[in-house]
Structures are given as C-alpha cells and as structure tokens.
Amino acid sequence: MRRLLWLGIGLAVGALVVRAVTKKAQAFTPQGIAASARDSAVGLAASVRGFVDDVRDGMAEREAEIHAAFADGLTLDEDLYPEGRHDR
C-alpha cells in the first residue's frame, strides 16, 4: 500500500514538473516571445494612458483654479512668484 502511495506522489510531482518545463519551453518559442512582447506593449500603453489621464486631470484642476481667480479679480503673480514680482 505504501508503494502505491509513493507511486501516486511521484506521478503527481512528475506531471507538475513536465507541465512547468513545457510552459517555460513555450515561452522561448517565436509565438511565446511574440505574446510576451505583445503583453509588454499592452502594459506600456496602459501606463502611458494612465499618465496622460493624470496630466489631464491636473490640467483641468489648474484651469478651474485660474478661472476662479480671474472671476474673483485676483492675479496669479503670487502663485508664480511668491517672493515678489520678476519682470524681465
């Protein structure tokens, strides 16, 4: 009975090892390399898209601040030059 248990464990471990080696080997085929490059490009595009969205949100927020300042009749010199006016 113990031999059957160890045979079953050996078969299970062997199957897992073969499966892992097959996955690693697939990663080095032309199709695997292409899939990896595609996934990297998709990730990069998503990162750039997120950055652009963050910049747009910041621009919209700053534009709202500028409109509010002009509506209140304030100047933005204090924001741009907190130590005093710098005319060049």
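See the structure printed just above.
The rules behind each value
Residues numbered from 1 in each chain as written. Predicted model: local features only at pLDDT ≥ 70, side-chain atom pairs only at ≥ 80, totals over all residues. Heavy atoms only, no water. Patch = residues over 30% accessible without salt bridge, like charges linked within 9 Å, V, L, I, M, F, W, Y side chains within 5 Å. Areas by Shrake-Rupley, 256 points an atom, 1.4 Å probe, with all protein chains shown as cover. Salt bridge = Lys/Arg side-chain N within 4 Å of Asp/Glu carboxyl O. Helix = DSSP H or I, 4+ residues; strand = E, 2+ residues; numbered from the N terminus. Buried < 20%, exposed > 50% of the residue type's maximum accessible area, 1.4 Å probe, protein only. Expected span 1.5 Å × (residues − 1).

Asker: Give a detailed account of a nonpolar patch on the surface, specifying residues and quantitative values.
Answerer: Together, Leu5, Trp6, Ile9, Val13, Val17 and Val21 make up an exposed nonpolar region whose accessible area comes to about 590 Å². Inspection of the secondary structure puts Val21 in helix α1 (residues 2–27).

Asker: Account for the pattern of salt bridges, naming residues and giving values.
Answerer: Per the stated rule, a full pass over the model turns up one salt bridge. Between Glu65 and Arg62 there is a salt bridge whose closest N-O contact spans 3.0 Å. With a gap of three residues between them, Glu65 and Arg62 both fall in helix α2 (residues 30–71), about one helical turn apart. Glu65 sits in the partly exposed class, given a relative accessible area of 39%.

Asker: I'd like a description of α2, backed by residues and values.
Answerer: Here α2 spans 61 Å end to end across 42 residues, near enough to the 62 Å set by a 1.5 Å rise per residue. Two residues or fewer past α2, Gly73 is found with a positive phi of approximately 80°.

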